Amino acid sequence: MAAFMLNAVLVLGDFLETRWALLPAQVSLELAGLLVLAIVLRRWGRGLGGALSWLLALTLLLLILLRLADIVVPWSFGRNFNLAVDLKYLPFFIGLLHTSLSTGLFIALAAGALLVLLAGLVLLRWMIGAWANVPKALPAFAVVALLAVLAYSVTPSRYDLGRFPVAGAVAEVAWRNALYVMDAKGFTHRYRAQIDEAQALLPRTPDLAGLKGRNVLLVFIESYGAITLTDPGLSGILNPVRARFEEQVRQAGYHVRSGLLNSPITGGGSWMAHATMTTGVRVDAQPLYDVLLSRASPTLGRYLKERGYRTIVAVPRIQQPWPESAFFSFDTVLNDAAFAYAGMRFSWESVPDQFVLEKVHEREIASARQPLFIQYVLSSSHLPFDSAPPLIEDASTLGDGSVYNTLGFEEFPPPAQVFDNQRGYAATTRYVLDALGNYLSRRLADDSLIIVLGDHQPPLTIAAASRNKAVPVHVLSRDPALLEPFRRAGYAEGMAPPGTVTDTGMETFLAWFLENYSSRPVAVASDHGR
């Protein structure tokens, strides 16, 4: 029984993909390794008992947790698990649960998790102890192998287990994460080659004359994904919001077109999407992002800065200096301190997006003496989607934001499963679109080129299950000529993209943009899709 249970745990497959993964239809190479270790130690006159058994149990527990994370993270965030990076986010995730759940429920969950870990450690210790008796372990291993072969023979072929009924999933995850660490530390050159290959496609001297010296506003909406188009519940709420947005901006003289781009990530890691969009490199892993920032790479900000633009980034959630801004060629960083916000905080302790839009306008746009490139990182629609700020019709009255302390607002307490808060997600996304429509129609009076897009699909169970990384892209300007490149690229008129999936990634945007807004042809190797 101990051998069977241990084998089942070590060969655990992607049970989120298929329930067949719960069937121990393979023989664990790690289990065979334990048997070999027991035989070797017996020859030396020692066994697997005592302190060694507890050490092995703890090691196996950590490796099994690593395997579980390797199954869950790709489903939730659309990227591989990376121990060196994701371990840094553990305090953030715990803090998120603490703020999203009642104190009693949080304590109960924490205590339950601790008890499960302790029970798992004791159970693994018992399983390993069973291997101390080699004469009994050998026939037990043979029985487990026979059962695995039988299970392998009845597993449907669509669930690919490989050519042979053996698996080393736990060891493979450990080795892959060791490689991630070596990549991030520069011991290999894989990421550097990937960066060089992507940026070799970028033109070196685009004149960007097609922009006519107009402001360029790049607006990232947190967690604004294609799930808002494909899920009936969400689209039923947000399609009328988009229709209202379109009518509002058209009355203010704007033309609008919409398309789709694939984000490199889903559910989180917004900064990687921002970097992908503005560098032409598909950044889908934190080590790649770290290596990218160590290079002297061309960025959208640098190209525009070289053409006389003042470059600004609005990142109200950043509460400390952000030296990375130099890499992206931003002249000014508007972080939390720069906004001097005095009101209450909303979902994810965020400053209301309407306040951010208004203060950037007052501080930068209203008094600009040169063309501006502004990258906005809006955050009101961030997980846990538990509160939506009220919309203020006249944003010029917001002052320092203290007015929010006296206004009512919508609350959406997350359910026990925080990734199922669809009501809160719909409400916060509706607020962001309404705030942006209000700003563009009532405050912005020039012919700016405005590019609005999601950074990634939201961290919702329904979005993860869709396996779709597309995000809506809306482009607006009062000058229809500025939108002509997007029309030629297949962007549909209005706020509805021409479809719900795309093969075109964010990493294609920069090369396409530089080529299509330059007055002379420039050589690039890819076209921008729909």
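In what follows, the structure referred to is the one given above.
Here the structure is a predicted model, which is why all the values come from computation and not from measurement. Every chain begins its residue count from 1, and numbering advances along the sequence as written. Restriction of local features to residues with pLDDT of at least 70 applies here, the model being predicted, together with a cutoff of 80 or more for giving and counting side-chain atom pairs; totals for whole chains, interfaces and linings are based on all residues. Working from all heavy atoms in the structure, the side-chain values ignore hydrogens and water.

Peer 1: Is there a simple way to think about the pattern of salt bridges in this case?
Peer 2: As a working rule, side chains carrying opposite charge can pair if their charged atoms are close by. Within this document, salt bridges are pairs made up of a side-chain nitrogen of Lys or Arg and a carboxyl oxygen of Asp or Glu, the two lying within 4 Å of each other. Under the definition given, this model contains 20 salt bridges. The partner of Glu306 in a salt bridge is Arg302, with the nearest N and O atoms 3.5 Å apart. Separated by 4 residues within a single helix, Glu306 and Arg302 lie in helix H14 (residues 300-306), roughly one turn from each other. Note that Arg487 is salt-bridged to Glu484, the shortest N-O span being 2.5 Å. Note that Arg487 and Glu484 are positioned in helix H19 (residues 484-488) at a spacing of 3 residues, about one turn of the helix. The exposure class of Arg487 is partly exposed, given its relative accessible area of 39%. A network of salt bridges, in which partner residues are shared, links Arg67, Asp70, Glu172 and Arg176. Where helices and strands are cited, they refer to DSSP runs of H or I of at least four residues and of E of at least two residues respectively, numbered from the N terminus. The rule is simple: take the accessible area with a 1.4 Å probe, protein chains only, and divide by the maximum for that residue type; under 20% is buried, over 50% is exposed, in between is partly exposed.

Peer 1: Is there a simple way to think about a nonpolar patch on the surface in this case?
Peer 2: Nonpolar side chains (Val, Leu, Ile, Met, Phe, Trp, Tyr) within 5 Å and like charges within 9 Å form the patches, drawn only from residues with over 30% relative accessible area and no salt bridge. Here the accessible surface of atoms and residues is derived via Shrake-Rupley with a 1.4 Å probe, and residues count as covered only by protein chains that are part of the display. A surface patch of nonpolar side chains, about 810 Å² in accessible area, is lined by Met1, Phe4, Leu123, Trp126, Val143, Leu146, Leu147 and Leu150. Among the secondary structure elements, those contributing two or more residues to the nonpolar patch are helix H6 (103-129) and helix H7 (134-154). The element best represented in the nonpolar patch is H7, accounting for 4 residues. Position of Leu147 among the secondary structure elements: in helix H7. You can call Leu147 partly exposed: its relative accessible area is 40%.

Peer 1: What am I meant to see in the sheet that holds strand E4 (residues 255-262) here?
Peer 2: Across a sheet, strands are paired by hydrogen bonds formed along the backbone, either parallel or antiparallel in direction. DSSP calls a pair of strands paired once it identifies at least 2 bridges connecting them. With mixed pairing, 8 strands are arranged side by side in an open sheet as E6-E5-E7-E3-E10-E11-E4-E12. Each end of this open sheet is capped by a strand with a single partner; those strands are strand E6 (332-334) and strand E12 (492-493). Two strands pair when backbone bridges link them, and strand E5 (residues 310-314) and strand E7 (residues 372-377) are joined in this way by 5 bridges, in the parallel orientation. When the sheet's bridge partners are listed, Ala314 is paired in E7 with Tyr376.

Peer 1: Would you mind showing me how to read the environment of Ser329 here?
Peer 2: Within the element layout of this structure, Ser329 appears in the loop between E5 and E6. Taking the C-alpha atoms as reference points, Ser329 and Thr311, 18 residues apart in sequence, are found 7.1 Å from one another. It only takes one pair of heavy atoms within 4.5 Å for two residues to be counted as in contact. Setting aside residues up to four positions removed in sequence, Ser329 forms contacts with Thr299, Gly301, Arg302, Lys305 and Thr311.

Peer 1: Sorry, what's going on with the pairing of strand E3 (residues 216-221) here?
Peer 2: In regular strands, side chains alternate between the two faces of the sheet. A large share of E3 lies buried, amounting to 6 of its 6 residues. Side-chain alternation along E3 places Val216, Leu218 and Phe220 on one buried face and Leu217, Val219 and Ile221 on a second face that is also buried. Examined bridge by bridge, E3 and E7 share 5 bridges and lie parallel to one another. Counterpart to Val219 in the pairing with E7 is Tyr376. Bridging between E3 and strand E10 (residues 449-454) involves 6 bridges; their strand directions are parallel. Considered in E10, the bridge of Val216 is made with Leu449.

Peer 1: Explain the packing of aromatic side chains here, please?
Peer 2: Working definition: an aromatic ring pair is given by the centre-to-centre distance plus the angle between the planes. Pairing of aromatic rings covers Phe, Tyr and the six-membered ring of Trp, with a centre-to-centre limit of 6.5 Å; geometry is then stacked below 30 degrees between planes, edge-to-face above 60, and tilted otherwise. Counted by the stated rule, this structure contains 16 aromatic pairs. Here the aromatic rings of Phe486 and Tyr517 are separated by 6.4 Å at their centres, their planes lie at 55°, and the arrangement is tilted. With Phe486 in helix H19 and Tyr517 in the segment after helix H20 (509-516), the pair connects residues that are 31 residues apart, well separated along the chain. On the basis of relative accessible area, Phe486 is assigned to the buried category, the value being 0%. Ring geometry for Trp512 against Tyr517: centres 6.5 Å apart, planes inclined by 80°, an arrangement best described as edge-to-face. As far as the burial class goes, Trp512 and Tyr517 line up, both buried. Among the aromatic residues, those joined into a ring-pair cluster are Phe486, Tyr491, Phe509, Trp512, Phe513 and Tyr517. Looking at Arg317, its charged tip hangs above the ring of Trp348, at a distance of 3.9 Å from the centre. Two limits define a charge over a ring: the Lys NZ or Arg CZ must be within 6 Å of the ring centre, and within 35 degrees of the ring normal.

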